[in-house]
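# A closer look at the structure
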Amino acid sequence: MKYRNVLGIDFGGSGIKGAPVDTKEGSLLTERYRIPTPVPATPEDVSGVISQISVHFKWKGPVGLAFPAVVQRGFVKTASNIDKSWIGINASKLIMDKTGLPTYVVNDADAAGMAEMKFGAGKGKKGSVLLITVGTGIGTVFFTKGKLVPNTELGHVYLKSGIEAEDFASDAVRQNEGLEWEEWARRFNVYLHEMEKLFWPELIIIGGGMSKKPRKFLEQITINTKIVMAKAKNEAGIIGAALATKANRDFFR
Ligand code: BGC
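Overview of the structure. (Residues numbered from 1 in each chain as written. Predicted model: local features only at pLDDT ≥ 70, side-chain atom pairs only at ≥ 80, totals over all residues. Heavy atoms only, no water.)

To continue, consider unusual backbone geometry. Cis rather than trans, the peptide bond between Val 39 and Pro 40 has omega equal to -5°. Positionally, Pro 40 belongs in the loop between strand E4 (33–36) and helix H1 (43–56). Not every positive phi belongs to a glycine, and Arg 73 is a case in point at roughly 45°. By the element assignment, Arg 73 lies in the loop between strand E6 (71–72) and strand E7 (75–76). Exposure remark for Arg 73: the relative accessible area of 76% places this residue in the exposed category. (Helix = DSSP H or I, 4+ residues; strand = E, 2+ residues; numbered from the N terminus. Buried < 20%, exposed > 50% of the residue type's maximum accessible area, 1.4 Å probe, protein only.)

Given below as structure tokens:
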């Protein structure tokens, strides 16, 4: 059965946010509802929060969840920024059991990318497009001819200095190390040059919380590739998660 309205939920480092999404329009049907991410973000506590969000909206339809790790056929494979006990868990099943609702789980950057390719900054782009989400971690998603390459983990590439990109230029690093915006932007620029050199995309889209603050860093960016902010700003995760319930048809062919 094809549902137009899906409850999209984005599991982020500081908040778990959800809203019913009109998947045809790519828009939220109501204001989003946010609950702080439990610490530690264990499967039990996070699935409890997701269930609370579905109850808040009195939701009876399908749920799409944007998840901050590698997810294959519902199973969580990595856990850089979440509790390690997630690894090996069938997240789709866990949340389905908890909410009683059909649930589809997808990597958060993949979700944001789907939303932007369908409704936002990547709409109609047939060449290669790299979307980078910057938040607690660095997430990436790569499209070519409008098709998604799932679970790319380019936030974990090692830079020349021997540091993983995510440990050098995420927003969490900026905050934890108390970096000035200029210093953070210089670091992010190093990362973008690496991505440009390795992938030569036609377009780079910046997603996640950072897409709301282009003025803080864009001036320091010196790559030649065209770079734009995600149109859905940090709602791309919620919208993309909702789209993901239909994603097999649209993006994975
Ligand atoms: C994870 C990715 C995720 C990104 C953004 C990274 O640490 O490995 O799977 O997309 O954070 O949440």
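Read on for the rest.
Next up on the list: the packing of aromatic side chains. Across all of its chains, the model carries ten aromatic pairs by this definition. Seen from their ring centres, Tyr 33 and Phe 57 are 6.3 Å apart, and the 90° between their planes marks the pair as edge-to-face. Taken together, the residues span a long stretch of sequence, with Tyr 33 in strand E4 and Phe 57 in the loop between H1 and strand E5 (63–67) at a distance of 24 residues. Taken together, a centroid distance of 5.4 Å and an interplanar angle of 50° make the contact between Phe 142 and Phe 199 tilted. One end of the pair, Phe 142, is in strand E10 (residues 138–144); the other, Phe 199, is in helix H6 (residues 181–199), and 57 residues separate them in sequence. Judged by its relative accessible area of 14%, Phe 142 falls in the buried class. Linked through ring pairs, Trp 181, Trp 184, Phe 188, Tyr 191 and Phe 217 together constitute an aromatic cluster. (Phe/Tyr/Trp six-rings, centres within 6.5 Å; stacked < 30°, edge-to-face > 60°.)

Moving on, we get to helix H2 (residues 91–99). All of the buried residues in H2 are Ala 91, Ser 92, Ile 95 and Thr 99. Looking straight down H2, one finds that the buried residues subtend no more than 100° of arc, so they occupy a single side. Two or three places before Ser 92, at the opening of H2, Asn 90 has a side-chain oxygen 3.3 Å from that residue's backbone nitrogen. Immediately beyond the C-terminal end of H2, within one or two residues, lies Gly 100, with a positive phi of roughly 75°. (Arc of directions from axis to C-beta. Polar contact = N/O pair within 3.5 Å; in protein donor to acceptor, adjacent residues only side chain to side chain.)

That is the geometry; function is a separate question.
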